[in-house]
Amino acid sequence: MMGRRSWGEEGGPYHERQRLELCALHALNNLLQRPLFTRRHADDICKRLSPGSRFPHHRSLLGTGNYDINVLMAALQGLGWPPSGGTSGGN
């Protein structure tokens, strides 16, 4: 997955264009401003979330992406997000 910078290569925001059903990966990489996550990373997370499963949970049966929120949350948690000690939406 190659991203691009706009606003004049240097200093512009990192942005990956949508392809297939990989919006979750593009959203993660755009948020992190670098091409950190790939399909392989997301598929590995899916396997960890549903070990021993014969059918792919947390993504499209066709293997085109469409990863669910559990994959996004696991990816961010693997990076230490949300930071511990942060506030939640509750009181």
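Basis of the calculations
Residues numbered from 1 in each chain as written. Predicted model: local features only at pLDDT ≥ 70, side-chain atom pairs only at ≥ 80, totals over all residues. Heavy atoms only, no water. Salt bridge = Lys/Arg side-chain N within 4 Å of Asp/Glu carboxyl O. Helix = DSSP H or I, 4+ residues; strand = E, 2+ residues; numbered from the N terminus. Buried < 20%, exposed > 50% of the residue type's maximum accessible area, 1.4 Å probe, protein only. Axes fitted to C-alpha atoms, helices over the stretch in contact; angles between N-to-C directions. Parallel < 35°, antiparallel > 145°, perpendicular 65-115°, else oblique. Contact = heavy atoms within 4.5 Å. Nonpolar A, V, L, I, M, F, W, Y, C, P; charged D, E, K, R; others polar. Core = buried A, V, L, I, M, F, W, Y, C linked by side-chain atoms within 4.5 Å. pLDDT = per-residue confidence, 0-100.

Engineer: Give me the pattern of salt bridges: which residues, what numbers.
Structural biologist: Charged atoms that come close allow side chains of opposite charge to pair. Enumeration according to the criterion identifies one salt bridge in this entry. Two residues, R59 and D43, come together in a salt bridge whose shortest N-O distance is 3.5 Å. Residue R59 is found in the loop between α2 (39-49) and α3 (69-78), and its partner D43 is found in helix α2; the two are separated by 16 residues along the sequence. You can call R59 partly exposed: its relative accessible area is 27%. We classify D43 as partly exposed; its relative accessible area is 23%.

Engineer: Kindly report on the packing of α2 against α3, identifying the contributing residues and their values.
Structural biologist: Running from N to C, α2 and α3 point in directions that differ by 100°, and their axes come no closer than 10 Å. Between α2 and α3, the interaxial angle falls into the category roughly perpendicular. Residue-level contacts link A42, I45, C46 and L49 of α2 to N70, V71, A74 and A75 of α3. Each residue belonging to the contact of α2 with α3 can be placed in one class, and the counts come to seven nonpolar, one polar and no charged.

Engineer: Outline the nonpolar core, supporting the account with residue identities and numerical values.
Structural biologist: Membership of the largest hydrophobic core comes to 15 residues, with the highest contact counts inside it found for L25, L28, F37, Y67 and V71. At the level of secondary structure, the elements contributing two or more residues to this core comprise α1 (23-32), α2 and α3. The leading source of residues in this core is α3, at five residues.

Engineer: Residues and numbers for the side chain of S60, please.
Structural biologist: Its location among the elements puts S60 in the loop between α2 and α3. With a relative accessible area of 11%, S60 lands in the buried category. Other than its neighbours up to four places away in sequence, S60 contacts E21, G65 and N66.

Engineer: Got a sec to walk through the confidence of the model for the protein? Specific residues and values, please.
Structural biologist: With 79% of its residues at a pLDDT of 70 or more, the protein shows a mean pLDDT of 82. Per-element confidence in the protein is highest for α3, whose mean pLDDT is 93, and lowest for strand β1 (residues 4-5), whose mean pLDDT is 53.

Engineer: Describe unusual backbone geometry, listing the residues and the values that go with them.
Structural biologist: Positive phi, normally seen in glycine, also occurs at L20, with a value near 50°. Within the secondary structure, L20 sits in the loop between β2 (14-15) and α1. Notably, H58 is not glycine yet its phi reads approximately 70°, a positive angle. Mapped onto the secondary structure, H58 falls in the loop between α2 and α3.

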